[in-house]
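So the chains spell out like this:
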Amino acid sequence: SNPPARAAAGKWHSVFIDGEGWLSSCGKAPYYNPALLGHGEGVTGLNTPTGFPQSLGERAVSMSAGKYHSLALAADGCAWSWGDGLFGRLGHGDGQNQLLPKKIEAFTGQRVVDVSAGLH
């Protein structure tokens, strides 16, 4: 049987995992954070949950929606992030925004067990 669906809400957007582990999001990306929804360039508003254009390679088991970014945890223990990268909040060693979910390579060889995206 499939696990139950999950939802997380940020200030401007929501992120969902369906019963099969597929991620989707909806909401409005403000002009200063066009990467918030994680659907690529030019996608700044989605009125209904819409599946991500790329997969994590594994089913998602957890996620968290922050004010400026989101995080997802895949079944293989890899953490992914997308959104506003200011101050290095996405974990990629830079301040770049990520328009699509990107694996956090800093955890290579480790198994992440939970994710939480806060205000900043």
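### Observations regarding the overall build of the protein
Inference 1: Within the protein, the regular secondary structure consists of zero helices and eight strands.
Inference 2: For 120 residues, the compact-globule formula gives about 14 Å, and the C-alpha radius of gyration of the protein, at 13 Å, lands near that figure.
Inference 3: Expressed along its principal axes, the backbone C-alpha trace of the protein runs to roughly 40 × 30 × 25 Å.
Inference 4: Taken across its 120 residues, the protein has 45% of its residues classed as buried.
Inference 5: In the protein, the share of contacts with a sequence separation of at least 24, taken over all contacts with a separation of at least 6, comes to 46%.
Inference 6: When the accessible area of the protein is evaluated, it comes to approximately 6300 Å², of which 52% is carbon and sulfur surface.

### Concerning unusual backbone geometry
For residues that are not glycine, phi is negative in most cases, and the peptide bond is trans in most cases.
Inference 1: Although it is not a glycine, F87 sits at a positive phi angle of roughly 65°.
Inference 2: Along the chain, F87 falls in the loop between β7 (79-83) and β8 (98-103).

### As for the packing of aromatic side chains
Inference 1: Under the defined criterion, the tally for this structure stands at three aromatic pairs.
Inference 2: Geometrically, the ring pair formed by F52 and W82 is edge-to-face, given 5.1 Å between the ring centres and 70° between the ring planes. With F52 in the loop between β4 (45-51) and β5 (60-65) and W82 in strand β7, this residue pair connects regions lying 30 residues apart in the sequence. Exposure class is identical for F52 and W82. Each is buried.
Inference 3: Three or more aromatic residues joined by ring pairs form one cluster here, namely Y31, Y32 and Y68.

### Here's the deal with the sheet that holds β8
Inference 1: Spatial strand order, β5-β6-β7-β8: four strands in an open sheet with antiparallel pairing. Across the chains shown, the open sheet's two edge strands, defined by having one partner strand only, are β5 and β8. Sheet twist, expressed as the mean angle between neighbouring strand axes with direction ignored, is 15°.

### Topic: the nonpolar core
Inference 1: Counting 14 residues, the largest nonpolar core has V15, L23, L56, M63, A72, W80 and W82 as the members making the most contacts within it.
Inference 2: Those elements giving two or more residues to this core turn out to be β2 (13-17), β5, β6 (69-74) and β7.
Inference 3: The biggest single contributor to this core is β5, with three residues.
Inference 4: Those residues in contact with W80, other than ones at most four positions away along the chain, are Q54, S55, L56, S70, L71, A72, A74, P101, K102, K103 and I104.
Inference 5: L73, A79, V112 and A117 belong to the second largest nonpolar core, which has seven residues in total.

### Let's talk about the pairing of β2
Inference 1: Residue alternation in β2 divides its side chains into a buried set, H13, V15 and I17, and an unburied set, S14 and F16.
Inference 2: Alignment of strand β1 (residues 6-9) against β2, held across four bridges, turns out to be antiparallel. Bridging from a neighbouring strand, R6 pairs with I17 of β2.
Inference 3: Taken together, β1 and the strand that follows it, β2, pair antiparallel across an intervening segment of three residues.
Inference 4: Relative to strand β3 (residues 23-28), β2 is paired through five bridges, and the arrangement is antiparallel. Bridged to F16 within β3 is S24.
Inference 5: Between β2 and β3, which pair antiparallel one after the other, the connecting turn spans five residues, and G21 there sits at a positive phi close to 90°.

Definitions and limits used
- Residues numbered from 1 in each chain as written.
- Predicted model: local features only at pLDDT ≥ 70, side-chain atom pairs only at ≥ 80, totals over all residues.
- Heavy atoms only, no water.
- Helix = DSSP H or I, 4+ residues; strand = E, 2+ residues; numbered from the N terminus.
- Rg over C-alpha atoms; globule rule 2.2 N^0.38 Å.
- Buried < 20%, exposed > 50% of the residue type's maximum accessible area, 1.4 Å probe, protein only.
- Contact = heavy atoms within 4.5 Å.
- Areas by Shrake-Rupley, 256 points an atom, 1.4 Å probe, with all protein chains shown as cover.
- Phe/Tyr/Trp six-rings, centres within 6.5 Å; stacked < 30°, edge-to-face > 60°.
- Pairing = 2+ DSSP bridges.
- Axes fitted to C-alpha atoms, helices over the stretch in contact; angles between N-to-C directions.
- Core = buried A, V, L, I, M, F, W, Y, C linked by side-chain atoms within 4.5 Å.

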